[in-house]
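Chain residues, written in single-letter form:
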Amino acid sequence: SYNYLKVFSLGFLNINTPHSVLDLSFNLLNRFEYNLNKIYSYKKIYLAKNLIGNFDFKTIDKFVGIDSIKLCHNKIKELNSIKTIQSNSIESIELCYNQIRILPDSFLDYFYNLKYLDLSQNSISYLSSNTFKSLLSLNYLNISNNRIQDLPKDLFFNLFRLLKLDLSKNNITI
């Protein structure tokens, strides 16, 4: 971290031991590349404070045992729907301080073990009643500082393990 990297390809690294942390935070990365033919065993990937505009979460299938992704302070505007994902070991996703407007219903469907989700400081204006339906393990949810005005009555219905919910600084009306 703290370099001036603009492009980084995982193909350059031979460090690939279980429990490794790949920290490329505080750079000038606008994309994240990896070798399609290789499986990686990084436990945590930190890509915060870069210039990434698009992150394809399907790439997660190339990371065995990954449990944490930090993508805060980037320029991500859109989250692609994920039809299938094999790696459901992810426990933490941080997407705060981006430019996300829409959170597709199916985006979170395959993150069964997700415990921590930070979507604060974005431009999300709408959440459907299905947005968080599959997050049965979720403990922490931060959707503060967005543009949310209405909350479906059953939005948090399946979140039995939720311990902390931050909805502050939205325009929610009851």
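Structure: see above.
No experiment lies behind these values; they were computed from the predicted model shown.

## Focus on the pairing of strand β2 (residues 42–46)
Item 1. Pairing between strand β1 (residues 20–23) and β2: four bridges, direction parallel. Bridge pairing in β2 places Val-21 opposite Lys-44.
Item 2. Pairing of β2 with strand β3 (residues 68–70), which is carried by three bridges, proceeds in the parallel orientation. Residue pairing in the sheet places Ile-45 in a bridge with Ile-69 of β3.

## So, the pattern of salt bridges
Item 1. Evaluation of the coordinates by the stated rule reveals three salt bridges.
Item 2. In this structure, Lys-43 and Asp-67 form a salt bridge, with 4.0 Å as the shortest nitrogen-oxygen distance. In this pair, Lys-43 is assigned in strand β2 and Asp-67 in the loop between β2 and β3, connecting sequence segments 24 residues apart.
Item 3. The exposure class of Lys-43 is partly exposed, given its relative accessible area of 27%.
Item 4. Classification of Asp-67 by relative accessible area gives buried; the value is 13%.
Item 5. Measuring nitrogen to oxygen at the nearest pair gives 4.0 Å for the salt bridge that ties Lys-115 to Glu-91. Of this pair, Lys-115 sits in the loop between β4 (92–94) and β5 (116–118) while Glu-91 sits in the loop between β3 and β4, and the two are 24 residues apart along the sequence.

## Digging into the nonpolar core
Item 1. Among the nonpolar cores identified, the biggest contains 39 residues, and Phe-57, Leu-95, Phe-111, Leu-117 and Phe-132 are the most heavily contacted of them.
Item 2. If we skip the residues at most four places from it in the chain, Leu-95 touches Phe-57, Leu-71, Cys-72, Ile-76, Leu-79, Ile-100, Phe-107, Asp-118, Leu-119, Ser-120 and Asn-122.

## Concerning the packing of aromatic side chains
Item 1. The tally for this structure, following the rule as stated, stands at seven aromatic pairs.
Item 2. Between Phe-57 and Phe-111, the ring centres sit 6.2 Å apart and the planes meet at 80 degrees, which makes this aromatic pair edge-to-face. Remark: Phe-111 occurs in the loop between β4 and β5 and Phe-57 occurs in the loop between β2 and β3; sequence separation between them is 54 residues. No difference in accessibility class separates Phe-57 from Phe-111, as the two residues are buried.
Item 3. Measuring from ring centre to ring centre gives 4.3 Å for Tyr-116 and Tyr-140, while their planes differ by 5 degrees; the resulting arrangement is stacked. Of this pair, Tyr-116 sits in strand β5 while Tyr-140 sits in strand β6 (residues 140–142), and the two are 24 residues apart along the sequence.
Item 4. With a relative accessible area of 26%, Tyr-116 lands in the partly exposed category.
Item 5. Given the relative accessible area of 16%, Tyr-140 is considered buried.
Item 6. In this structure an aromatic cluster arises from ring pairing among Phe-55, Phe-57, Phe-107 and Phe-111.
Item 7. Taking the ring centre of Tyr-46 as reference, the NZ or CZ of Lys-70 above it sits at 4.7 Å.

Definitions and limits used
- Residues numbered from 1 in each chain as written.
- Predicted model: local features only at pLDDT ≥ 70, side-chain atom pairs only at ≥ 80, totals over all residues.
- Heavy atoms only, no water.
- Pairing = 2+ DSSP bridges.
- Helix = DSSP H or I, 4+ residues; strand = E, 2+ residues; numbered from the N terminus.
- Salt bridge = Lys/Arg side-chain N within 4 Å of Asp/Glu carboxyl O.
- Buried < 20%, exposed > 50% of the residue type's maximum accessible area, 1.4 Å probe, protein only.
- Core = buried A, V, L, I, M, F, W, Y, C linked by side-chain atoms within 4.5 Å.
- Contact = heavy atoms within 4.5 Å.
- Phe/Tyr/Trp six-rings, centres within 6.5 Å; stacked < 30°, edge-to-face > 60°.
- Lys NZ or Arg CZ within 6 Å of the ring centre and 35° of its normal.

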